[in-house]
Amino acid sequence: MTQTQEPARSRTFTWSDPATNAAQVGRRSGIELLRAMIAGELAGPPVMDLIDMGRMEAEEGRVAIELIPQEFHYNPLGTVHGGVISTMLDTAAACAVHTTLPAGVGYTSLDLNVKFLRPVTVDSGTLRCEGTVLQRGRRTALAEARLTDADNRLIAHATSTCLIYPLP
C-alpha cells in the first residue's frame, strides 16, 4: 500500500483474489487456515488490506490483530471511525471462533455488540485487538474482543455470537 499526505492526500492498495482462501475453508481447520495466512502461504482477506490491519497472532480460541491508526480511518469528527473499530472487533472475535473449527465446518457472525469507551486518533499509537472464545457449542459460539491502545488503555469492547454450520 502507498499513501501520501502532502499536499493532496491519496491512498492506493492491492489485494489478492479472495476465492483462493475461500477454496481452502472446507479443506483446512480454522487454525490451519489462519496460520497459513500468518505464515504468508495464503494472502490475508482483502478487508485487512482495505483498512490496513496488520500483524496477526492465532492460537486455539484466541486471535490478536493490530492496526496503526491513520488519517484515512477518520470520521468527520477527526477520530477513527467506529466502523473501523467495529471491523477490528468483529475480525478478532469471529476469527477466535474460527480457530476452534475443524475442516468442513464454517461460521458466520449472528451479532456484534460494541461498546466504544475512548476516541482513537493517530496519536493513540498501535491498536491491538484480542478476541477470545468464551463458550462454544455445536451450533453457536460466544466470543469477546478487547481493543487497546499503545498505552494498554481499553478503547472498545465487543461480544459476538457466531452460528456454526457444516459446509456443503
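A. The arrangement of the packing of aromatic side chains in detail. Summed over all chains, the structure comprises one aromatic pair. Between F13 and W15, the ring centres sit 5.6 Å apart and the planes meet at 40°, which makes this aromatic pair tilted. Accessibility expressed as a relative area gives 52% for W15, which makes it exposed. It is R11 that lies over the ring of F72; its NZ or CZ is 3.7 Å from the centre.

B. Looking closely at the environment of E41. Within the element layout of this structure, E41 appears in the loop between α2 (30–38) and α3 (46–51). The contacts of E41, once residues within four sequence positions are left out, are R28 and A36. Within the structure, the side chain of E41 is placed 2.6 Å from the side chain of R28, a separation counted as a polar contact.

C. The pattern of salt bridges, seen in detail. Per the counting criterion, the structure on display carries 11 salt bridges. One salt bridge in this structure joins E41 and R28, with 2.6 Å as the shortest N-O distance. Taken together, the residues E41 in the loop between α2 and α3 and R28 in the loop between α1 (18–22) and α2 connect sequence positions 13 residues apart. The class for E41 is exposed, based on a relative accessible area of 55%.

D. Geometry of helix α4 (residues 82–98). For α4, with 17 residues, the first-to-last C-alpha span of 24 Å sits near the 24 Å given by 1.5 Å per residue. Burial runs high along α4: 13 of the 17 residues are buried.

E. Representation of the nonpolar core in the model. Judged by nonpolar contacts, the single largest core of 41 residues is most densely connected at M88, L89, C129 and L147. A total of 10 residues in this core trace back to one element, the largest contributor, which is α4. In contact with C129, not counting residues within four places along its chain, are V63, A64, I65, M88, L89, A92, A145, R146 and L147.

F. Local environment of the sheet that holds strand β8 (residues 154–166). The strand order β3-β4-β6-β7-β8-β5 describes an open sheet built from six strands, whose pairing is antiparallel. A single partner strand is all that each edge strand has here, and the edge strands are β3 (53–59) and β5 (105–116). Averaged over all pairs of adjacent strands, the angle between strand axes in this sheet comes to 20°, irrespective of strand direction. Against the sheet, α2 touches β3 and β4 (62–67), its axis set at about 140° to β3. On the sheet, α4 packs against β3, β4, β5, β6 (127–136), β7 (140–148) and β8 and is oriented at approximately 140° with respect to β5.

Quick notes on the rules
Residues numbered from 1 in each chain as written. Predicted model: local features only at pLDDT ≥ 70, side-chain atom pairs only at ≥ 80, totals over all residues. Heavy atoms only, no water. Phe/Tyr/Trp six-rings, centres within 6.5 Å; stacked < 30°, edge-to-face > 60°. Buried < 20%, exposed > 50% of the residue type's maximum accessible area, 1.4 Å probe, protein only. Lys NZ or Arg CZ within 6 Å of the ring centre and 35° of its normal. Helix = DSSP H or I, 4+ residues; strand = E, 2+ residues; numbered from the N terminus. Contact = heavy atoms within 4.5 Å. Polar contact = N/O pair within 3.5 Å; in protein donor to acceptor, adjacent residues only side chain to side chain. Salt bridge = Lys/Arg side-chain N within 4 Å of Asp/Glu carboxyl O. Expected span 1.5 Å × (residues − 1). Core = buried A, V, L, I, M, F, W, Y, C linked by side-chain atoms within 4.5 Å. Pairing = 2+ DSSP bridges. Axes fitted to C-alpha atoms, helices over the stretch in contact; angles between N-to-C directions.

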